Every structure is written in structure tokens, then in C-alpha cells.
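# Examining the three-dimensional arrangement
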Amino acid sequence: DFFILLFILINFFFLEKKEIIFLGLLTSLLVLSNMIGILYFEKFYYYKIALFYKILIPLIFIFQIKKFINEKNYKLIGSMIDLSFIIYLAFILIFYGFGARYNYFGLGYISSYMPLFPGSFQIFPESIFRGDRHLMGCLAALYLTIKLNLILQNKKYLNTLVFFLITILFMFIFESRTFLIFIVIQLYIISNFLFQKFQKKKTIQLLFYIILFILIFYFFKLAPGLVGVADRLFIFHEFEQLRSIIEYQIYDIGPHTERITRFFDLIPGNYLLLLTGVGFLYSEPLFMDSGIIFLFFSFGLIPLGFIYYYIYKNIDFNFTNQFSLNLILISTVLINLLVAEFFLVSRFVFIAILMFYYSSVETKLIASEHKNKY
């Protein structure tokens, strides 16, 4: 975070007037909603003041980085991102991918001992500021998917296949469902690119997905060693938890139940406060395990509508209109809204912003090169 803050301070005057007004508006709405929440619930958790930083600093970074990354420096930034992920993924592959259940350098490819905090460095004795397997898995999957899209746009088909297989390998290592989501996105991007010249493109794609689903189903069914991995990747326990809550009237039935029950834990008795928001300073949990609930309670329905209108009318994010990259962006946003609010964690959000804007510049250049050829 130190380098991000340094970058923001150096480039502060590059912010446009409309962007500064937006940041001031956002801060005012957050202060107002939090004051309402504190007065209504009569609770205040001082450590959650940090969430003001977690919300505002990434937005400032977006406003600045969209002007900073351009045709002259995007290759350097891309090389730095590539090097960072090569080192990190190599570390994960060596220590957790190759037979970690027996020793660090065995022959097995699937580890049942991936820790909750892979590749993290613990500075303080009981530090909680460490990586999370699902968060880092999501970030790694996002990188591999963006990279695959760029390689495919350059029509390097063999390299595309290699990156797809690498993504599958790390999906098994991380055992994270967000990896599975990005695998589906990669399959769609590849099939959409390959079948774009066919007259009956949609029909062929549908048949392709059906056949692929059948093959994956039988692969996991016929491989007993992958049953546990399949259970983690393909079975969505939240639906079973929701059914149990409704049927048995049991509130706490297992891990991640809060994704279903958190809304009812935090909802104010006066429903009119949902229009204004009640902030986040009144609730104890640092994370709600649901980005959409966090935003809804933090701002309220009316302020969210006003924020959307202001962004739509005044803010230009200077992002590419390339369909595949926009699909990856939308999917990442939905993961943050529905799975967990990774956007509140610095090690995720700043790297993700860098990757999206670097790839945005490159996809624009690829598109312009293709236009010049034809």
C-alpha cells in the first residue's frame, strides 16, 4: 500500500474536477450513512474506519492509472505483472502442486494440503493480514484468463491451449470455485473466437458446451481420486444450506452460512433506513462475505442510484470495448458482489486494476492492427 499511496500523492493533480467532485460526494454519502447507523444501533467499531480507505483509494487509483498506462509503457507494466505471477505461481506449483501430502518434491499433482494462506508472509505473531486461498486463487485465475484472451487475440493458438491447461492445473491445486468460473469464461472466449466464422455459430457452440459438460462429468465420475476435489469445485453448498434453513428453521448450519443470513443479521428494524443506508461502522464483522450486501448497507438504495447516475453522466473510465475483456471484467465484478468482497483487499484490487488497464491498452492496439491489415 505504501507504493500505491506514493503514486497517488505524486499524481494527485492529474485528477479531473468531475472526479474530485465524485470522490467528495462519495465521502459525504458514506459519512452520512455511517452517522445514521451509529445513532440508530448505538454501536461504533473504530477499526472499521479503515473501510473508508478501502473504498476511496482504489477509486482514486483507477482515475489516475487510466491516464498513466498508455501505448508507450504498457509492455513494461505487462512484463512486471507477468514476472510477478510467474514467480508466485511457480512457488505454489512447487510447494503445493507436486505431492505436498508426502513431500515438497514428490510426483503427485493434486495436493490436499493447500493452506488457507498460500504464499503469504506472516510478519506479526498472530497477524490476520495474510492472503486467502480463494482470494489468491481468484487473482491467479483472473491473470490467466486475461493473458489467455490476449494470446488468443494475437492468434497464437498453441500458446492459448497451454494457458488453458495451466488454468486447469491450478484449479485443482487451489481447489477454488472462482477458478471454475474463469475456466467457463475461458471456454466461452475460445469457442466464441473459433466458431465466429460459422454460419450456425450459436448452434455449434451449444452442442460444444453439451458435449464438454458430459465429458467433464464422466471424467470426475471415473476418477475416484478426484471425488473430493469435485465436491469442492462443483457442489454449491449454499443452496443446500438455504434449503435446510427454510425446512428446519436452523440458523447456523455450517461454514459460509453468513452469505445467506448476513442480510437478516444487519437489517435495521426501520426499513426506511434501507433507502439511506446505515454504513458499516455499527457492525462488528470486518467482512460480510458478500459485496452486494456490503454496498447496499453502506450506501442505501437512493444514494446508490444517485452514484450510478453521476458515474453514467460524468465519469469516463477509458476502458476498451473489446467484448471478451469486458466479459472478464463483468464476471470479476459479479464474483466480488456475490461470492466475497475481494475489492476491499489491497493485494487483490490494485493488481486487478493494473491488469485490466494494461490489457485494455493492448486489446485496443491489437484491434487497430487488425483494422490496418484489412
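Before going into details, it helps to say that this report is about the structure given with it. (Residues numbered from 1 in each chain as written. Predicted model: local features only at pLDDT ≥ 70, side-chain atom pairs only at ≥ 80, totals over all residues. Heavy atoms only, no water.)

### Let's talk about the packing of aromatic side chains
Taken as a whole, this structure holds 26 aromatic pairs when the rule is applied. Where Tyr46 meets Tyr47, the ring centres are 6.0 Å apart and the plane angle is 80°; that geometry is what we call edge-to-face. Judged by relative accessible area, which is 60%, Tyr46 ranks as exposed. By relative accessible area, which is 36% here, Tyr47 ends up partly exposed. Look at Phe85 and Tyr143: their rings are 4.3 Å apart centre to centre, the planes differ by 0°, and that puts the pair in the stacked class. With Phe85 in helix 4 (residues 74-97) and Tyr143 in helix 5 (residues 133-153), this residue pair connects regions lying 58 residues apart in the sequence. Of the two residues, Phe85 and Tyr143, neither departs from the other in class, the shared state being buried. These aromatic residues form a ring-pair network of at least three members: Phe7, Phe61, Phe68 and Phe350. (Phe/Tyr/Trp six-rings, centres within 6.5 Å; stacked < 30°, edge-to-face > 60°. Buried < 20%, exposed > 50% of the residue type's maximum accessible area, 1.4 Å probe, protein only. Helix = DSSP H or I, 4+ residues; strand = E, 2+ residues; numbered from the N terminus.)

### As for a nonpolar patch on the surface
Residues Phe44, Tyr46, Tyr47, Ile49, Leu286 and Phe287 make up a contiguous nonpolar surface patch of roughly 590 Å² in combined accessible area. Residue placement: Phe44 occurs in the loop between helix 2 (17-41) and helix 3 (50-68). The class for Phe44 is partly exposed, based on a relative accessible area of 43%. (Patch = residues over 30% accessible without salt bridge, like charges linked within 9 Å, V, L, I, M, F, W, Y side chains within 5 Å. Areas by Shrake-Rupley, 256 points an atom, 1.4 Å probe, with all protein chains shown as cover. Salt bridge = Lys/Arg side-chain N within 4 Å of Asp/Glu carboxyl O.)

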